[in-house]
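# Coordinate analysis (summary)
One-letter residues, chain by chain:
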Amino acid sequence: MPPNIVHDAEGLPRIILTEPNGSSAEVLLYGGQVVSWKNERRKELLFMSSKANWKPPKPIRGGIPVCFPQFGNLGSLEQHGFARNRMWMVDSDPSPLPPANNQSSVDIVLKSTDEDLKIWPRCFELRLRVTLSAGKLTLIPRVRNTDNKAFSFMFALCNYLSVSDISEVRVEGLETLDYFDNLINRERFTEQADAITFDGEFERVYLSTPTKIAIIDHEKKRTFELWKDGMPDAVVWNPWDKKAKALPDLGDEDYQSMLCVDSAAIETPIMLKPFEEWKGRQEISTVSSSYCSGQLDPRKVLYGFH
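Because the structure is predicted, anything quoted here is derived from the model rather than measured.

Definitions and cut-offs
Residues numbered from 1 in each chain as written. Predicted model: local features only at pLDDT ≥ 70, side-chain atom pairs only at ≥ 80, totals over all residues. Heavy atoms only, no water. Helix = DSSP H or I, 4+ residues; strand = E, 2+ residues; numbered from the N terminus. Rg over C-alpha atoms; globule rule 2.2 N^0.38 Å. Buried < 20%, exposed > 50% of the residue type's maximum accessible area, 1.4 Å probe, protein only. Contact = heavy atoms within 4.5 Å. Areas by Shrake-Rupley, 256 points an atom, 1.4 Å probe, with all protein chains shown as cover. Lys, Arg positive; Asp, Glu negative; His and termini not counted. Charge placed at Lys NZ, Arg CZ, Asp CG, Glu CD. pLDDT = per-residue confidence, 0-100. Salt bridge = Lys/Arg side-chain N within 4 Å of Asp/Glu carboxyl O. Pairing = 2+ DSSP bridges. UniProt positions renumbered as here; feature names shortened; annotations may be inferred. Polar contact = N/O pair within 3.5 Å; in protein donor to acceptor, adjacent residues only side chain to side chain. Phe/Tyr/Trp six-rings, centres within 6.5 Å; stacked < 30°, edge-to-face > 60°.

### Describing the overall build of the chain
Each helix and strand counted, the chain has 3 helices and 22 strands in total. In summary, the chain has a C-alpha radius of gyration of 19 Å against a globular reference of 19 Å for 306 residues, a match within 12%. Dimensions along the principal axes, computed over C-alpha positions, put the chain at roughly 55 × 45 × 40 Å. Considering the chain as a whole, with its 306 residues, one finds that 54% of them fall into the buried category. Sequence-distant contacts, at least 24 apart, represent 66% of the contacts inside the chain between residues at least 6 apart. Here the chain displays about 13,700 Å² of accessible surface, and carbon together with sulfur accounts for 50% of that area. Put simply, the chain has 37 plus and 43 minus side-chain charges, and the middle of one group is 3 Å from the middle of the other.

### A word on the confidence of the model for the chain
Per-chain confidence: the chain averages 92 in pLDDT, with 94% of residues scoring 70 or above. Contacts from residues 291-296, a stretch scored under 50 in pLDDT, to residues over four places away or in other chains number 9 contacts.

### Details of the environment of Phe 224
Within the secondary structure, Phe 224 sits in strand 18 (residues 222-229). The spacing of Phe 224 and Val 287 is 63 residues in sequence and 6.6 Å in space, taken between C-alpha atoms. Once residues within four sequence positions are removed from consideration, Phe 224 is found in contact with Trp 37, Leu 45, Leu 161, Ser 162, Ile 213, Ala 214, Ile 215, Ile 284, Ser 285 and Thr 286.

### Some words on the pattern of salt bridges
As enumerated under the stated definition, the model contains 21 salt bridges in all. Across the pair Glu 201 and Lys 243 runs a salt bridge, and its minimum N-O distance is 2.7 Å. Remark: Lys 243 occurs in helix 2 (residues 240-246) and Glu 201 occurs in the loop between strand 15 (196-197) and strand 16 (202-206); sequence separation between them is 42 residues. Here the salt bridges do not stand alone but share partners, grouping Asp 91, Glu 125, Arg 127, Arg 142, Arg 144 and Glu 277 into one network.

### Some remarks on unusual backbone geometry
Between Pro 56 and Pro 57 the backbone carries a cis peptide bond, its omega angle lying at 10°. On the secondary structure map, Pro 57 appears in the loop between strand 4 (33-38) and strand 5 (66-67). In this chain, Ser 95 is followed by Pro 96 through a cis amide linkage whose omega measures 5°. Its place among the elements puts Pro 96 in the loop between strand 6 (89-90) and strand 7 (105-111). Unlike most non-glycine residues, Arg 186 shows phi in positive territory, near 55°. On the basis of relative accessibility, which here comes to 38%, the residue Arg 186 falls in the partly exposed class. Backbone geometry places Phe 275, a non-glycine residue, at a positive phi of 70°. Here Phe 275 lies in the loop between strand 20 (258-272) and strand 21 (277-279).

### A short note on the pairing of strand 7
Burial within strand 7 is extensive, with 6 of its 7 residues counted as buried. Two elements, strand 6 and strand 7, share 2 bridges in a ladder whose sense is antiparallel. Each residue of the ladder has a partner; that of Val 90, found in strand 7, is Ile 108. Summarising the sheet, strand 7 and strand 8 (residues 124-133) pair through 7 bridges and their orientation is antiparallel. Bridge assignment links Ser 105 to a residue of strand 8, and that residue is Thr 131.

### Here we look at the UniProt feature "binding site: substrate" (unreviewed entry) in the chain
Sequence positions flagged by UniProt for "binding site: substrate" (unreviewed entry) are, in local numbering, Arg 61, Gln 79 and Arg 84. Across 24 residues in sequence, these annotated residues keep their C-alpha atoms within 12.7 Å of one another, forming a single compact spot. Mapped onto the secondary structure, Gln 79 falls in the loop between strand 5 and strand 6. Not counting residues within four places of it along the chain, the set of residues in contact with Gln 79 comprises Gly 72, Asn 73 and Arg 84. Residue Arg 84 is classed as buried on the basis of its relative accessible area, which comes to 14%. When residues no more than four places from it in sequence are discounted, the contact partners of Arg 84 are Tyr 30, Gly 31, Gln 33, Pro 59, Val 66 and Gln 79. Reaching out from Arg 84, the side chain makes a polar contact with the backbone oxygen of Gln 79 at a distance of 3.2 Å.

### Quick word on the packing of aromatic side chains
Here the distance between the centres and the angle between the planes together describe a pair of aromatic rings. Taken as a whole and judged by the stated rule, the model has 17 aromatic pairs. Ring geometry for Phe 153 versus Trp 278: centroids 5.9 Å apart, planes at 75°, classification edge-to-face. Placement of the pair is Phe 153 in strand 10 (residues 151-157) and Trp 278 in strand 21, with a sequence separation of 125 residues. Taking relative accessible area as the criterion, Phe 153 reaches 2% and is therefore assigned buried.

Spelled out as structure tokens, the structure:
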């Protein structure tokens, strides 16, 4: 069954994923980027900037951008690498994964071009499987070295989550971990708080993080559970008011309704020998927050309700 591809107002092809319970997701071939994920009640779960630039070659601020082969400015390439502003293709041969043959899953691929090799002289194939199921969005990124020499790369899935009010959000699962604070020259600290809360600009790379992180939205009584494998770091970012005003593709008030929690491999880049393949996995699911004396049971949040 071929993927359901439509063209948006800018002429960009996007793949619409649906599943029987009524949730949906949209994946742009430009950037290989998930730009929408709606629950069965048609409520948008991902944040998209009110000033997002949808015209290539600019990156699109919102959804789930793919950062490859560099994160941020940690290298000689453009910010966050070039994968997020290249045109990807539908992947008809996602081997060794079995082909996706339903309306709730799609495989896409980005292969190195002559243009890419001029700025990053390494031959690669970057694949992404996006799968939608009831209450869950799964992304499986893979990078294959098709070169005759080894190379290393950084990787991140930047999850722009939609929240009701950033000052009412807390993140659990990162307590006691070491992190680099990008607001203080990437100095290394240890997290002292029981949970992360927000009252100003925040940009940290947490190291050796657990497989599951919980993002609790008190006002919406909703918790995002982020489960990841193969991406040991987690980036937590909110620009707050001054930075939001300085970013041309972010609305002045947008920071209040967004939080980025990224699955990433930054501190230790991934090394691949010729013809080796790296595979990561990320699942985001939503659960209703159950209150117990005003607090969530952190065991339920971190280890699921099963």
